[in-house]
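A look at the structure
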Amino acid sequence: MVRHTTYIKPYGIQYRVTNMFHGISGFFSLFLIWGLALNLSEGVSLLSMTHILILLLLTLAGTFYRDTWVFDKQEQRITSIYGFGPLCKHEQFAFSEVRQLELNHFVRGATDKDAKPTKRRFRAMLVFSLNLGEDEKRDIEIIAEKSSGGRTESAVQAISAVTGLPLFVDRPRDLDLNVSYKDMKW
């Protein structure tokens, strides 16, 4: 799973894919390139190594994948960068265009706003988005609440604190702690 985190910079704050994700993807890419080169030097046919080529393409995609939101406080601008390597789409929004940062919770698969999540089909999700007014929103991240583990909530609060943009949270995080028998031992 691709994780996002905040990085505080002199000009503001960034919300982007972690350095660990890029590092691990790059390491596996180098490992697969080494294995491919070693097998080709020994005379193994490239057709018999299609699985290595597919894995290499996937890890290279992970290495060069960019999903970055730059909140530049000095220039009062938000920049979205999305794509692979140099083939990225850039979008910019002025702070004045942004009505508020939003963090909304919902249950995937349910139409009822007050639906309760279940273990199987209905999962608790959250959406971090920019509200640009007049029913226009840009979703920054949509993630399962359990997978987020509070990281998205704290990132939204940090971004709001650094930029000074207003923040709307529809409800607090569900504290569904999984306490096992081991945790309850004296």
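Going by the structure above, here's the rest.
Described in the following lines is the structure provided in the data block.

Definitions and limits used
- Residues numbered from 1 in each chain as written.
- Predicted model: local features only at pLDDT ≥ 70, side-chain atom pairs only at ≥ 80, totals over all residues.
- Heavy atoms only, no water.
- Helix = DSSP H or I, 4+ residues; strand = E, 2+ residues; numbered from the N terminus.
- Contact = heavy atoms within 4.5 Å.
- Pairing = 2+ DSSP bridges.
- Axes fitted to C-alpha atoms, helices over the stretch in contact; angles between N-to-C directions.
- Core = buried A, V, L, I, M, F, W, Y, C linked by side-chain atoms within 4.5 Å.
- Buried < 20%, exposed > 50% of the residue type's maximum accessible area, 1.4 Å probe, protein only.
- Patch = residues over 30% accessible without salt bridge, like charges linked within 9 Å, V, L, I, M, F, W, Y side chains within 5 Å.
- Areas by Shrake-Rupley, 256 points an atom, 1.4 Å probe, with all protein chains shown as cover.
- Salt bridge = Lys/Arg side-chain N within 4 Å of Asp/Glu carboxyl O.
- Phe/Tyr/Trp six-rings, centres within 6.5 Å; stacked < 30°, edge-to-face > 60°.
- Lys NZ or Arg CZ within 6 Å of the ring centre and 35° of its normal.

A look at the environment of Ser29
Positionally, Ser29 belongs in helix H1 (residues 19-41). Considering only alpha carbons, one finds Ser29 and Ala61, 32 residues apart in sequence, at a separation of 9.4 Å. Those residues in contact with Ser29 that lie beyond four places of it in its chain are Leu56, Thr59, Leu60 and Thr63.

Quick notes on the sheet that holds strand S9 (residues 167-169)
The strand order S8-S7-S6-S9 describes an open sheet built from four strands, whose pairing is mixed. Each edge of the sheet is formed by a strand with only one pairing partner; in this case those strands are strand S8 (137-144) and S9. Looking at each pair of strands side by side, their axes are set apart by 20° on average, direction ignored. Direction of pairing for strand S6 (residues 100-108) relative to strand S7 (residues 123-131): antiparallel, over a ladder of nine bridges. Across the sheet, the residue bridging to Leu103 is Phe128, located in S7.

Comments concerning the nonpolar core
Of all hydrophobic cores here, the largest spans 20 residues; its most connected members are Tyr15, Trp69, Phe71, Ile78, Phe128 and Leu130. Those elements that place two or more of their residues in this core are strand S2 (12-17), strand S3 (65-72), S6, S7, S8 and helix H4 (151-163). Leaving out residues up to four positions away in the same chain, Leu130 has contacts with Trp69, Phe71, Ile78, Phe93, Val98, Gln100, Leu101, Glu136, Lys137, Arg138 and Ile140. The next biggest cluster of nonpolar side chains, apart from the first, holds five residues, and it includes Leu32, Leu36, Ile52 and Leu56.

Describing the sheet that holds S2
Strand order in the open sheet made by the five strands is S1-S2-S3-S4-S5, with antiparallel pairing throughout. This sheet does not close on itself; its edge strands, each paired only once, are strand S1 (4-9) and strand S5 (87-94). Strand after strand, the sheet turns through a mean of 15° between neighbouring axes, direction not considered. Here S1 runs beside S2; their pairing, made up of six bridges, is antiparallel. Residue pairing across strands places Thr5 opposite Arg16, the latter belonging to S2. Along the sheet, helix H2 (residues 50-64) makes contact with S3 and strand S4 (77-84), crossing S3 at roughly 10°.

Observations regarding a nonpolar patch on the surface
A cluster of nonpolar side chains, contributed by Met20, Ile24, Phe27, Phe28, Phe31, Trp34 and Leu38, occupies part of the molecular surface with about 770 Å² of accessible area. Relative to the helices and strands, Ile24 is located in helix H1. Look at Ile24 and you get partly exposed, because its relative accessible area is 41%.

Some remarks on the pairing of S4
As defined by bridge partners, S3 adjoins S4 across eight bridges and the pair is classed as antiparallel. Pairing of Val70 across the sheet is with Thr79, part of S4. Turn length for the S3-S4 hairpin, with the two strands adjacent in sequence and antiparallel, is four residues, and the turn residue Gln76 shows positive phi of about 55°. Inspection of the sheet shows S4 paired to S5 by eight bridges, in the antiparallel sense. Residue Ile81 lies in a different strand from S5, and its bridge partner there is His90.

Quick word on the packing of aromatic side chains
Within the structure shown, the criterion is met by six aromatic pairs. Relative to Phe128, the ring of Tyr15 lies with its centre 5.6 Å away and its plane at 75°, an arrangement referred to as edge-to-face. Residue Tyr15 is located in strand S2, and its partner Phe128 is located in strand S7; the two are separated by 113 residues in the primary sequence. Taken as a pair, Tyr15 and Phe128 share a single burial class, namely buried. One aromatic cluster is present, formed by Tyr65, Tyr82 and Phe84 through successive ring pairs. The ring of Tyr7 carries Arg16 above its face, with NZ or CZ at 4.1 Å from the centroid.

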